[in-house]
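# Per-entry structural report
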There are 2 protein chains.
Amino acid sequence: MNFTISEENYIKSIYHLQQQSGIVNTNSLAAQMHTRAASVTDMLKKLKNKKLLQYERYKGFKLSETGKKVALQVVRKHRLWEFFLVEKLKFDWDKVHAIAEELEHISSDELVQRLDNFLGNPSFDPHGDPIPDKNGRIPTINQQNLTNIPLKKTVTVSSVGNQAPQMLEMLKHYNIALGTQVSVLNKFEFDGSLQIKIFKQNPCIISEQVAKNIFVHYAE
Amino acid sequence: MNFTISEENYIKSIYHLQQQSGIVNTNSLAAQMHTRAASVTDMLKKLKNKKLLQYERYKGFKLSETGKKVALQVVRKHRLWEFFLVEKLKFDWDKVHAIAEELEHISSDELVQRLDNFLGNPSFDPHGDPIPDKNGRIPTINQQNLTNIPLKKTVTVSSVGNQAPQMLEMLKHYNIALGTQVSVLNKFEFDGSLQIKIFKQNPCIISEQVAKNIFVHYAE
DNA sequence: AAATATTTTTAGATTTGTCTAAATTTTAAT
DNA sequence: ATTAAAATTTAGACAAATCTAAAAATATTT
Ligand SMILES: [Mn+2]
Ligand SMILES: [Mn+2]
Ligand SMILES: [Mn+2]
Ligand SMILES: [Mn+2]
């Protein structure tokens, strides 16, 4: 089946929201999509008609199994294109989201599969997010955010929670990228900020808010 | 300024039609776009309002200078993406048009420029059509169709006139691609068909209709 | 439990792009 | 010069996606 760009964007947003909260409500989706609650309700009816959504009015909603499959294909395309933009076209990682937001709607299945192969079947996108495979399966990694890491243990940055351009820009300033080796030297009780040592750099301090959005795994 | 996908498709079609005939009329555009004359008229009004078109009702129309620039950028994107699909993703040349028809509407200028560089700033797309540069300038080549070539002279295939999948499939069957060396052995007066010799193959016969759509230049 | 606030849905409008059918204009034929 | 044919435009309708304002349902507070 084929979906409009708008439908795909809604489906993807619902998918991301329900990953966190299980069930999604109208206002949070409206906020995520930068649209109005009334518009969301209209689209929910369409998606329910197409059996992509479990939805009863006033009761919240979540994707059906079919809906989830559609969402995963859009996510797959988004992350593969982001990988292409960074690895092949040398875009900075904080510049690719908006472009991938358009490219993810190109419809050819063969294109996606060939792109995947051309890129060497990558498992993670430039922000460390897992790329679903052709069947929608997602590779898992054991990762935790920096606030949960014991002191002095060296870990590797594996992904970024908040991917707002502001956050990514900040990480660029700190010289933190995926794969960067870090250890936590000190945790300050007053505001939860962390003193960290970044490989080959002088120790510096990051706020708790930033630390919570830096995910890491133990070095192999 | 930014245009909708539909506007871009109309602008591009008008551009291609006026390349041949100077001025364009409603019905031929409707045919080209697989739409109805009434829809064309509606869009003409929009494009005229946006100063992309010189248009007076019942009198035909053509692109303004601004309109031509927009068209050339869309053509540029279309042909760069086609090149990408064939050279990098190894698509057959008869499978890329429909996909490029979508990709040409991705809006980022930086993307186009980086793609161009990544591909090595190609001058011609997989069908031998020239790729406009950033400023809309088009490389020219001296080419003629096969019916105008003197007998026994060896020439190189440089582009294809009719690019319908049926035509491209046929050329694939004949083993004719861009760069293929050909010479005309004989011209049959009865139906205008040509006996030709394709490099490393036995002589074969092609119809006048096919010959007219094979453009060639003299080998360097 | 009643009143108030929040969330969600409906009603009705708007924009974009399309369509059919009818009217108008231009062109070609008698 | 009329008439007939072809091309083009207008009138009016429709689907998709959005919006604002008002109504309805649910949740929270007194
Ligand atoms: Mn998108
Ligand atoms: Mn990403
Ligand atoms: Mn197109
Ligand atoms: Mn082409």
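Note that the structure is a prediction, hence the values are computed from the model and not measured. (Residues numbered from 1 in each chain as written. Chains lettered and ligands numbered in written order. Predicted model: local features only at pLDDT ≥ 70, side-chain atom pairs only at ≥ 80, totals over all residues. Heavy atoms only, no water.)

What follows is about the interface of chain B and chain A. Each partner contributes to the interface: chain B provides 19 residues, whereas chain A provides 19 residues. Between chain B and chain A we count zero salt bridges in total. Broken down by secondary-structure element, the contributors of at least two residues to the side of chain B that touches chain A are helix H4 (65-87), helix H5 (97-103) and helix H6 (109-118) of chain B. With five residues, the single largest contributor to the side of chain B that touches chain A is H6(B). In terms of residue class, the side of chain B that touches chain A is built from 11 nonpolar, three polar and five charged. (Contact = heavy atoms within 4.5 Å. Salt bridge = Lys/Arg side-chain N within 4 Å of Asp/Glu carboxyl O. Helix = DSSP H or I, 4+ residues; strand = E, 2+ residues; numbered from the N terminus. Nonpolar A, V, L, I, M, F, W, Y, C, P; charged D, E, K, R; others polar.)

This brings us to the protein's contact with DNA strand C. Taken together, 20 residues sit near DNA strand C, with Asn27(A), Tyr55(A), Thr4(B), Thr35(B) and Ser39(B) positioned nearest. Atoms of DNA strand C within 4 Å of the protein: sugar and phosphate make up 76%, bases the balance. In this structure, Asn27(A) approaches DNA strand C through a main-chain N or O atom, which is 2.8 Å from a phosphate oxygen. Looking at the surface near DNA strand C, the elements with two or more residues in it are helix H2 (26-32) and helix H3 (37-49) of chain A together with helix H1 (5-21) and helix H3 (37-49) of chain B. Grouping the constituent residues of the surface near DNA strand C by class yields seven nonpolar, eight polar and five charged. (Near = heavy atom within 4 Å. Polar contact = N/O pair within 3.5 Å; in protein donor to acceptor, adjacent residues only side chain to side chain.)

Turning next to H3(B). Residues and elements named next belong to chain B. Its 13 residues place the ends of H3 19 Å apart at the C-alpha level, agreeing with the 18 Å of an ideal helix rising 1.5 Å per residue. The set of residues buried in H3 consists of Val-40, Met-43, Leu-44 and Leu-47. Relative to the axis of H3, the buried residues are bounded by an arc of 115 degrees and lie together on one face. Facing away from the buried surface of H3 by more than 90 degrees, the exposed residues are Ala-38 and Asn-49. Of the residues one or two after H3, Lys-51 is the one with positive phi, at around 65 degrees. (Expected span 1.5 Å × (residues − 1). Buried < 20%, exposed > 50% of the residue type's maximum accessible area, 1.4 Å probe, protein only. Arc of directions from axis to C-beta.)

Residue and element names in this part refer to chain B. Protein ligation of the manganese ion (ligand 4) involves Glu-82 (OE), Asp-125 (OD) and His-127 (ND1), the donor distances falling in the range 2.1 to 2.3 Å. Mapped onto the sequence, the donors of the manganese ion (ligand 4) take the spacing E-x42-D-x1-H. In this pair, Glu-82 is assigned in helix H4 and Asp-125 in the loop between H6 and strand E3 (144-145), connecting sequence segments 43 residues apart. As far as burial versus exposure is concerned, Glu-82 and Asp-125 are alike and both buried. (Donors = N, O, S within 2.8 Å, 3.2 Å for Na, K, Ca; no water.)

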